Amino acid sequence: MLELRDVTAGYDRRAPVVRNATLTVAPGEAVGLLGPSGCGKSTLARVTALLHRPDSGHVVLDGAPVHRYRHRAPRAQRTAVGVVFQQPRLSADPRLRLTDLIAEPLRATGRRSSVPERVAELAGTVGLTPDLLTRRPHEVSDGQLQRACLARALVLRPRWLVCDEMTAMLDASTTAALVRAVEDYRTATGAGLLAVGHDRLLLNRWCDRTVHWDTVTPKRAPMPVRTPG
Ligand SMILES: Nc1ncnc2c1ncn2[C@@H]1O[C@H](COP(=O)(O)OP(=O)(O)OP(=O)(O)O)[C@@H](O)[C@H]1O
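Every chain's residues receive numbers from 1 upward, in the order its sequence appears when written. Reporting of local features is limited, given that this is a predicted model, to residues whose pLDDT is at least 70; pairs of side-chain atoms are given and counted only at 80 or more, and all residues count toward the totals for whole chains, interfaces and linings.

A.B. asks: I tried to follow the packing of helix α7 (residues 142-154) against helix α8 (residues 172-189) on my own but got confused; where do I start?
C.D. replies: Helix-helix packing is characterised by the crossing angle of the two axes and by the distance between the axes. It is the contact of α7 with α8, at a shortest axis distance of 11 Å, that shows an interaxial angle of 10°. Judged by the inter-axis angle, α7 sits roughly parallel to α8. Across from Gly143, Gln146, Arg147, Leu150 and Leu154 in α7, the residues of α8 making contact are Thr174, Leu178, Ala181 and Tyr185. Residues are grouped as follows: nonpolar covers Ala, Val, Leu, Ile, Met, Phe, Trp, Tyr, Cys and Pro; charged covers Asp, Glu, Lys and Arg; every other residue, Gly included, is treated as polar. Per-class residue counts for the contact of α7 with α8 are five nonpolar, three polar and one charged. Only the stretch in contact is used when a helix axis is fitted, and all axes are lines through C-alpha atoms; the angle between N-to-C directions ranges over 0 to 180 degrees. In this description a helix means any DSSP run of H or I spanning at least four residues, a strand means any run of E spanning at least two, and both kinds are numbered starting from the N terminus. In this scheme, roughly parallel covers angles under 35 degrees and roughly antiparallel covers those over 145, while 65 to 115 is roughly perpendicular and the rest are oblique. Residue pairs are scored as contacts if the distance between their C-beta atoms, which are placed from the backbone, is within 7 Å.

A.B. asks: Teacher, can you tell me more about the sheet that holds strand β6 (residues 81-84) here?
C.D. replies: Within a sheet, each strand pairs with its neighbour through backbone hydrogen bonds, oriented either parallel or antiparallel. One open sheet holds the five strands; their spatial order is β6-β7-β8-β3-β9, and the pairing between them is parallel. Strands at the two margins of the open sheet, each flanked by one partner only, are β6 and β9 (209-212). Recorded for the sheet is a direction-independent mean angle of 20° between the axes of neighbouring strands. Two strands qualify as a pair provided DSSP detects at least 2 bridges between them. When strand β7 (residues 160-164) meets strand β8 (residues 192-197), the two strands line up parallel, connected through five bridges. Across the sheet, the residue bridging to Cys163 is Ala195, located in β8. Helix α1 (residues 41-48) rests against β3 (30-34), β7 and β8 of the sheet, and its axis sits at about 160° to β7. Strand contacts of α7: β6 and β7, with the helix running at about 170° to β6, the strand carrying the most contacts.

A.B. asks: So what exactly am I meant to see when it comes to the packing of helix α4 (residues 98-108) against α7 here?
C.D. replies: With their axes 7 Å apart at the nearest point, α4 and α7 run at an angle of 25° to one another. In terms of axis orientation, α4 runs roughly parallel to α7. Like other packed secondary-structure pairs, α4 and α7 cross with a definite hand, here right-handed. On the side of α4, the interface is formed by Leu98, Leu101, Ile102, Glu104 and Pro105, while α7 contributes Ala148, Ala151 and Arg152. Definitions for this section: a left-handed crossing has its near helix turned counterclockwise from the far helix by less than a right angle. A right-handed crossing has that turn clockwise.

A.B. asks: Where do I start with the sheet that holds strand β5 (residues 64-65) in this structure?
C.D. replies: Across the sheet, which stays open at both edges, the four strands sit in the order β2-β1-β4-β5 with antiparallel pairing between neighbours. Of all the strands in the sheet, the pair left with one neighbour each is β2 (18-25) and β5. Inspection of the sheet shows strand β1 (residues 2-9) paired to strand β4 (residues 56-61) by five bridges, in the antiparallel sense. From the neighbouring strand, Glu3 faces β4, where its bridge partner is Val60.

A.B. asks: Sorry if this is basic, but what is going on with the environment of Arg209 here?
C.D. replies: Mapped onto the secondary structure, Arg209 falls in strand β9. You can call Arg209 exposed: it has 11 C-beta atoms within 10 Å. Distance from Arg209 to Pro116, taken between C-alpha atoms, is 37 Å for residues 93 residues apart in sequence. The exposure scheme places C-beta atoms from the backbone and then counts, for each residue, the other C-beta atoms within 10 Å of its own, assigning buried at 20 or more, exposed at 12 or fewer, and partly exposed in between.

A.B. asks: What am I meant to see in α8 here?
C.D. replies: For an α-helix the count is 3.6 residues per turn, leaving residues at separations of three or four pointing the same way. Multiplying one less than the number of residues by 1.5 Å gives the expected span of a helix. Compared with an ideal rise of 1.5 Å per residue, which puts 18 residues at 26 Å, α8 spans 26 Å between its outermost C-alpha atoms and is within 8% of the ideal. For α8, the set of buried residues is Leu178, Val182 and Tyr185. Down the axis, α8 shows its buried residues gathered within 60° of arc, on one side only. Among the exposed residues of α8, those pointing more than 90 degrees away from its buried face are Ala172, Ser173, Thr187 and Ala188. This arc describes the spread of directions from the helix axis toward the C-beta atoms.

A.B. asks: Looking at this structure, how should I read the environment of Ala49?
C.D. replies: Mapped onto the fold, Ala49 is located in the loop between α1 and β4. Separated by 35 residues in the primary sequence, Ala49 and Val84 have C-alpha atoms spaced 9.6 Å apart. Setting aside anything within four residues of it in sequence, one finds Ala49 in contact with Val81, Val83 and Val162.

A.B. asks: Could you clarify how one ought to interpret helix α5 (residues 115-126) in this entry?
C.D. replies: The first and last C-alpha atoms of α5 sit 16 Å apart over twelve residues, in line with the 16 Å expected at 1.5 Å per residue. Looking at α5, one finds that the buried residues are Arg118, Val119, Leu122, Ala123 and Val126. Down the axis of α5, the buried set is contained in an arc of 130°. They therefore lie on one face. For α5, the exposed residues lying more than 90 degrees away from the buried face are Pro116, Glu117 and Gly124.

Right under this line is the structure:
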């Protein structure tokens, strides 16, 4: 189970952008999180991917509360969640060839020997031809780079996937190809998915259920005002 328990998070403790978010994704389940631009979806997605420490509340992975985030998170928890962001150019090192971009998490976790096999396998999964694998980010389209970012997110075989507006910049056929690649992976592995976005039609078609931001972050009743006497 992937659980967000009463998560409050943001960039200034006095004015959090996410307040008291509670959400559960079961193993194998695909949950869509729908909300308007700027409400805090990406912030919550980063908390879920253990890349941003919440001010309060917890992420709980398979029953184990997460206490440390980013590079301090234990490897087993860090590698249990794969994440794909909206803008591949902001999340891809421009110096790396796509093959090295995809292999980055394998090298970082000491699994160099499995690089050739996994990269070839995942290139097929996400629809990248061998000639594209030797190019750097500025030599490929946004859609091709996003395919590589999805392959990178899958390379350590995560049990949970967070897709934060993964297809927002892409055309219909690339969107369909990436969604199919995620679904093929989930069918093969039983991974759970949190897909964040503002495209209700896409999330409804893609996910088992779609929840709205307002139901995930219910407004608390205001504190009662004490009247004297
Ligand atoms: N690194 C940051 N530092 C300070 N404020 C930030 C930072 N990142 C986001 N914010 C602010 O937090 C709020 C929520 O942003 P966030 O990106 O989480 O929303 P979102 O729902 O994902 O928006 P969109 O759908 O437009 O991507 C916004 O007001 C934004 O300006």
